[in-house]
Amino acid sequence: MASDFVALQEPVDEDAIRTVNFFNGRLLTGNDMSREQAARREADARIGLALGDGIANGLQVAFKGNGAPGGRPAAEVLPGLAVNREGVVLCLKHKVQLALDRAATPGADNVACLFGDCAPLADGDYVAGAGLYLLTIAPAFTSEGRAAVSGMGDASPRCALDVTVEALQFRLLEIRDELFDADPGQPDFRNRIAYEAFGAGVLPGWPADLLGAGPRVDDLLETMRGHGLSDGEVPLALIAFTSAGHVFTDNWSVRRQISLRDPDDMFSTLSEPRRSGLGRAMFRQFQDELVEAMNGPNTIVAKDRFRYLPPVGLIPKLSDSRIGEFFAGMTVRGPVHIDASAVEPLLRESFGAPAIDTDSPHAVWLYRVAQTRIANEADILVFANGHLPYKADARFNLNHWNYANYPLIP
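Please read all numbers here as calculations on a predicted model, not as lab measurements.

Engineer: For this particular structure, what's the right way to read the packing of helix α2 (residues 189-198) against helix α5 (residues 274-294)?
Structural biologist: Relative placement of two packed helices is described by the angle separating their axes and the distance separating the axes. At a closest axis distance of 11 Å, the pairing of α2 and α5 adopts a crossing angle of 170 degrees. Classed by the angle they form, the pair α2 and α5 counts as roughly antiparallel. Contacts between α2 and α5 involve Arg190, Asn191, Ala194, Tyr195 and Phe198 from the former and Leu278, Ala281, Met282, Gln285, Asp288, Glu289 and Glu292 from the latter. Class assignment for the residues of the contact of α2 with α5 results in 6 nonpolar, 2 polar and 4 charged.

In structure tokens:
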């Protein structure tokens, strides 16, 4: 039928933003101003939706012991900016000292929704002593003060509020044991739970069935969408406790840079920028966990501590004599020398590569930076997925004679 078609240059107004038209002599009501505010929020949200959801900067979380009043567990959240799945920008301008339990919140009775278009978030359910939890940030709306009224309206005095405050709130959601496969009692629990959050799309076997593959998703977080995590929230960190106390706080397992979600087709999944952002998160998650592990009392064996490794990682102060210990049970080649200028390109190329399966017999390349060794400075070992292009071929007028390697292919 002709009515099913839209003509060229005909306005399509079904989902249009409608703003109040102001003119001299118009009688304005509170409802008119509310409609104008709603239109402004909708316009802002559409900009947010065009960017995608995730964290723009900041909002790192650090555990601060039992420093909250009453000896309760505490965390510090740094200033930063994020966008949720509804397109709402969440801005924290000052760091926050956060008590990690649900004690009574001052002013909680004053929480309000704007224009009746929001519902209160379900309670977080932290129980001190044990469990895995997801810390999130979300919008919150409160009111302040009382406004003077003329007596012309019929609004109740309790509705004559001066301002609506567009604020923030933090939630701690329990991730129940049946929602993940990792064993909390194993030394590789943090690594395994991180890769459940990254999703199966980062594993080596994912491309084997490209025609049948769906879009990559953050598997654990998508599971939580059906267990209390709303589209209004942005995940910040995983926090794990046992009955003995805090075990770890892991930012990068659930922290995502702002990006659009992959559409439901193979070609978009392979080409859109979300995957490279996930690669950055895999690298940063490993580096954070490695630093904490190296500060501990025990010797690190990769297969015991890490079920998966990022496609490229940096291990500081690992001597040649300890390489075999760290990579025990894995197939490695090297270390061989590379020029310092090759390190960053190798890392950036890895952001679209699959994780390293520490149970796989596939080789992992080990590199030393030639200039670091020449300067007799503390060594950094670079490891790389064997499927990434080899970077250590010697090239005339570029590599040092005593720190060069024969090419693999003549």
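That shown, we press on.
Engineer: Looking at this structure, I do not really get the pattern of salt bridges. What am I missing?
Structural biologist: Note that side chains of opposite charge can pair when their charged atoms are close. One pass over the full model with this rule turns up 24 salt bridges. As a salt-bridge pair, Asp357 and Arg307 come within 2.3 Å of each other at their nearest N and O atoms. In this pair, Asp357 sits in strand β14 (residues 356-357) while Arg307 sits in the loop between α6 (302-305) and β11 (308-309), placing the two residues 50 residues apart along the sequence. According to the relative accessible area criterion, Arg307 is buried, its value standing at 15%. Between Lys391 and Glu349 there is a salt bridge whose closest N-O contact spans 3.2 Å. Of this pair, Lys391 sits in the segment after β16 (380-385) while Glu349 sits in helix α8 (residues 343-350), and the two are 42 residues apart along the sequence. When its relative accessible area of 29% is taken as the criterion, Lys391 is described as partly exposed.

Engineer: Would you mind showing me how to read the sheet that holds β16 here?
Structural biologist: What holds strands together in a sheet is hydrogen bonding between their backbones, with the strands either parallel or antiparallel. If you walk across this open sheet you meet the 4 strands as β12-β16-β15-β13, and the pairing is mixed. Each having just a single partner strand, β12 (312-316) and β13 (332-338) make up the two edges of the open sheet. For this sheet the average axis-to-axis angle between neighbouring strands, irrespective of direction, equals 25 degrees. Here strand β15 (residues 364-369) pairs with β16 via 5 bridges, running antiparallel. Bridge pairing links Trp365 to Ala384 in β16. Packing against the sheet, α5 makes contact with β12 and β16, and its axis sits at approximately 20 degrees to β12. The strands touched by α8 within the sheet are β12, β13, β15 and β16, with β12 carrying the most contacts at an inclination of about 135 degrees.

Parameters and conventions
- Residues numbered from 1 in each chain as written.
- Predicted model: local features only at pLDDT ≥ 70, side-chain atom pairs only at ≥ 80, totals over all residues.
- Heavy atoms only, no water.
- Axes fitted to C-alpha atoms, helices over the stretch in contact; angles between N-to-C directions.
- Helix = DSSP H or I, 4+ residues; strand = E, 2+ residues; numbered from the N terminus.
- Parallel < 35°, antiparallel > 145°, perpendicular 65-115°, else oblique.
- Contact = heavy atoms within 4.5 Å.
- Nonpolar A, V, L, I, M, F, W, Y, C, P; charged D, E, K, R; others polar.
- Salt bridge = Lys/Arg side-chain N within 4 Å of Asp/Glu carboxyl O.
- Buried < 20%, exposed > 50% of the residue type's maximum accessible area, 1.4 Å probe, protein only.
- Pairing = 2+ DSSP bridges.

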